[in-house]
Number of protein chains: 2
Amino acid sequence: MTLDLQPGQKLARGVARHLASHGFVSVEEFVPARGLRVDVMGLGPKGELWVIECKSCRADYQADSKWEGYLDWCDRFFWAVDIEFPTDLLPTRTGLIIADAYDAEIIRMGPEDKIAPARRKKMIQKFAMDAARRLRTLRDPRL
Amino acid sequence: MTLDLQPGQKLARGVARHLASHGFVSVEEFVPARGLRVDVMGLGPKGELWVIECKSCRADYQADSKWEGYLDWCDRFFWAVDIEFPTDLLPTRTGLIIADAYDAEIIRMGPEDKIAPARRKKMIQKFAMDAARRLRTLRDPRL
């Protein structure tokens, strides 16, 4: 199952499993708004929205110029990296998750900065449509 | 793909395809509240919620004593039946969809009776979590 995943996708899978243990669901490569694509968007039982960016190595992190734009689309923001990653590079005012392909652990919670109710409503609607569309594509590939 | 589906599931697949052509997504066997399970819950781009009950034959319809309980959980209610079904049996104040395993057509729109905003919000949240959880189960069966 894991052999054909890219390094970032392996992290994303471990993150998704860990989020599930918190009662969160998630979708990968979610587009909150045009031009933005987050690695993992997590949705909690009370409508909490968490963005998790998965970085496989230093270069992968340093090439990311967009992440600050994601802060406006979530209540909490996290980096997910593997155990070898030089975490000193990461801004301390962000969350930190150590992950592998099989599981993950939240080392530092991202500080909470709640998004506005209207945007939350729009994001949950978009999340619902996106997840259902992907589910349908897997179940009925003709669509 | 269709051989292992029950008659009601074939109708549900055709319904889902047709809903997609209206910009709706859907999940099957959705549970809006304890003790209720609708065949298809459709979610529209503006948060519209449609319930579609799929009936494969007269006996299947006549055995359903719960459908009126579903009206409180959607903006519109429809029956989906195949072309052979005696549609005169169905209440005229409900929507009607003629379906097969491959497609469907809305013959009569269900009258609109909008659900309350708080319930809509709760249903869309539930729909999102349900669709994402099923998607995850297909993509990562270990969960």
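Residue numbers here run from 1 along each chain, matching the order of that chain's written sequence. Chain A is the first chain written and ligand 1 is the first ligand written, with later ones labelled in order. Local features in this predicted model are restricted to residues of pLDDT 70 or higher, and side-chain atom pairs are both shown and tallied only at a pLDDT of 80 or more, whereas totals for entire chains, interfaces and linings draw on every residue. Side-chain metrics rest on all non-hydrogen atoms present in the structure, leaving aside hydrogens and water.

As recorded by an unreviewed UniProt entry, chain A carries the name MmcB family DNA repair protein and is attributed to Ruegeria sediminis.

Undergrad: Outline the pattern of salt bridges, supporting the account with residue identities and numerical values.
TA: Here a salt bridge means any side-chain nitrogen of Lys or Arg lying within 4 Å of a carboxyl oxygen belonging to Asp or Glu. Per the stated rule, a full pass over the model turns up 16 salt bridges over all chains. Glu-28 of chain A is paired through a salt bridge with Arg-136 of chain B; the nearest N and O atoms lie 3.2 Å apart. Remark: Arg-136 of chain B occurs in helix α4 (residues 117–139) and Glu-28 of chain A occurs in strand β1 (residues 25–30); the pair is interchain, linking two chains. When a residue's accessible area, from a 1.4 Å probe over protein chains only, is under 20% of the maximum for its type it is buried; when over 50% it is exposed; and in between it is partly exposed. On the basis of relative accessible area, Arg-136 of chain B is assigned to the buried category, the value being 10%. Linking Arg-120 of chain A and Asp-75 of chain A is a salt bridge whose minimum nitrogen-to-oxygen distance equals 2.7 Å. Of the two residues, Arg-120 of chain A is situated in helix α4 (residues 117–139) and Asp-75 of chain A in the loop between α3 (67–70) and β4 (76–81); the sequence distance between them amounts to 45 residues. With respect to class, Arg-120 of chain A is no different from Asp-75 of chain A; both count as buried. Elements are defined by DSSP. Helices are runs of H or I of four residues or more, strands are runs of E of two residues or more, and each kind is numbered from the N terminus.

Undergrad: How would you explain the pairing of strand β5 (residues 95–99) of chain A if you had to name every residue and give the values?
TA: All names here are of chain A. The buried count for β5 comes to 5 of 5 residues, which makes it a mostly enclosed element. Side chains Gly-95, Ile-97 and Ala-99 of β5 all project onto a buried face; the interleaved residues Leu-96 and Ile-98 project onto the opposite face, where all are buried too. In this description, strands pair whenever DSSP reports at least two bridges between them. Across 4 bridges, the pairing between β4 and β5 is parallel. In the strand pairing of β5, Ala-80 is matched with Ile-97. Relative to strand β6 (residues 104–108), β5 runs antiparallel, the two sharing 4 bridges. Residue pairing across strands places Ile-98 opposite Glu-105, the latter belonging to β6.

Undergrad: Lay out α4 of chain A in plain terms, naming residues and giving numbers.
TA: The end-to-end C-alpha distance of α4 of chain A, which contains 23 residues, comes to 33 Å, matching closely the 33 Å that a straight helix rising 1.5 Å per residue would cover. Taken together, the buried positions of α4 of chain A are Arg-120, Met-123, Ile-124, Gln-125, Phe-127, Ala-128, Met-129, Asp-130, Ala-131, Ala-132, Leu-135 and Arg-136 of chain A. What a helix should span is 1.5 Å times the count of its residues minus one.

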